[in-house]
Amino acid sequence: LGYFDTLLLRYYMNFRLSLLILLIAFVETASASSQWFYTRNSDRQGQAMVIHGLNTKPTKMNSIIRELRDNGYDVLRVALKGHEGPIQRMRTANRQAWLSNITSAYSRLIQRKRRLGGESIAVGYSLGGLVTVNYFLSFRRHQIDRLVLFAPALSVHNTTYLVQASYAMGGE
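These notes cover the structure that comes with them. (Residues numbered from 1 in each chain as written. Predicted model: local features only at pLDDT ≥ 70, side-chain atom pairs only at ≥ 80, totals over all residues. Heavy atoms only, no water.)

Turning to the nonpolar core, a few remarks are in order. With 20 residues, the main nonpolar core has Met49, Val78, Leu80, Ile102, Tyr106 and Phe136 as its most contacted residues. Going through the elements one at a time, strand E2 (46-51), strand E3 (73-78), helix H3 (95-116) and helix H4 (127-138) are the ones with two or more residues in this core. Per element, the largest residue contribution to this core is seven residues, and it comes from H3. The residues contacting Leu80, other than those within four sequence positions of it, are Ile51, His52, Trp98, Asn101, Ile102 and Leu127. With ten residues, the next largest nonpolar core counts Ala48, Val50, Met61 and Val123 among its residues. (Core = buried A, V, L, I, M, F, W, Y, C linked by side-chain atoms within 4.5 Å. Buried < 20%, exposed > 50% of the residue type's maximum accessible area, 1.4 Å probe, protein only. Helix = DSSP H or I, 4+ residues; strand = E, 2+ residues; numbered from the N terminus. Contact = heavy atoms within 4.5 Å.)

Structure (structure tokens):
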């Protein structure tokens, strides 16, 4: 190969590498959003949606997802807005966005239930529990067979802030 051909080949390889890096970045972003994990158990029980807590990546719920899959459930791991990538995305997160995430996940869960049967379960950890409970209280016509909550952040009282403030000021 001549000099020009070598230069062209090098440019082409760099271009392909750039495309590959872009593709990997896209796949990582896409995989961080809500995602289904299907059971391999022949005795299928139903479907579940699993919602993570505040400032926790959705992948932190993988051990719970694994247990549900091993026990016959197809599981939708929900990524709440602001938790699906860089921390800067948290600035755009709010209650309405999180309720929208739960609405979308619930719709996917119920579509699967209508098609395949079985029970439907919602599992929420901390903020995930709070948003899920808030969703089902707001939309009472929507139903779920089981609701499982781990360390749910169901209520914060003003006294909590007063106690923290007194400790910060040297109180006991």
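Let's pick the thread back up.
Attention shifts here to H4. One full turn of an α-helix is made of 3.6 residues, so residues set three or four places apart face in the same direction. A rise of 1.5 Å per residue sets the reference length of H4, with its twelve residues, at 16 Å; its end C-alpha atoms lie 16 Å apart and thus fit the reference within 8%. Regarding H4, the residues found buried are Leu127, Gly128, Gly129, Val131, Thr132, Val133, Tyr135 and Phe136. Check the buried side of H4 and you find it contacts E2, H3, strand E4 (119-125) and strand E5 (146-150). (Expected span 1.5 Å × (residues − 1).)

Before going further, it helps to spend a moment on the sheet that holds E2. The mixed open sheet is built from five strands, whose spatial order is E1-E3-E2-E4-E5. Edge positions in the sheet fall to strand E1 (35-37) and E5, since each has one partner strand and no second. The mean inter-strand angle of the sheet, taken between neighbouring strand axes irrespective of direction, is 20°. Across the sheet, H3 lies against E1, E2, E3 and E4, angled at about 170° from E2, the strand it touches most. (Pairing = 2+ DSSP bridges. Axes fitted to C-alpha atoms, helices over the stretch in contact; angles between N-to-C directions.)

What characterises a pair of aromatic rings is the spacing of the ring centres plus the angle enclosed by the ring planes. Counted according to the given criterion, the structure contains five aromatic pairs. Ring geometry for Trp36 against Tyr38: centres 6.1 Å apart, planes inclined by 15°, an arrangement best described as stacked. Taking the centre distance of 5.7 Å and the plane angle of 50° together, the rings of Tyr106 and Tyr135 count as tilted. Separated by 29 residues along the polypeptide, Tyr106 in helix H3 and Tyr135 in helix H4 bring together distant segments of the chain. Relative accessible area serves as the criterion here: at 9%, Tyr106 is assigned to the buried category. Judged by its relative accessible area of 0%, Tyr135 falls in the buried class. A connected cluster of aromatic rings, assembled from ring pairs, spans Tyr106, Tyr135, Phe136 and Phe139. (Phe/Tyr/Trp six-rings, centres within 6.5 Å; stacked < 30°, edge-to-face > 60°.)

Turning next to the pattern of salt bridges. Counted under the stated rule, the structure contains four salt bridges. One salt bridge connects Arg44 with Asp74, and the closest N-O pair in it is separated by 3.1 Å. Here Arg44, found in the loop between E1 and E2, pairs with Asp74, found in strand E3; they are 30 residues apart in sequence, far enough to count as distant. Given the relative accessible area of 26%, Arg44 is considered partly exposed. Measuring nitrogen to oxygen at the nearest pair gives 2.8 Å for the salt bridge that ties Glu119 to Arg146. Here Arg146 lies in strand E5 and Glu119 lies in strand E4, a separation of 27 residues in the sequence. Connected through salt bridges with shared partners, the residues Arg44, Asp74 and Arg112 form a single ionic network. (Salt bridge = Lys/Arg side-chain N within 4 Å of Asp/Glu carboxyl O.)

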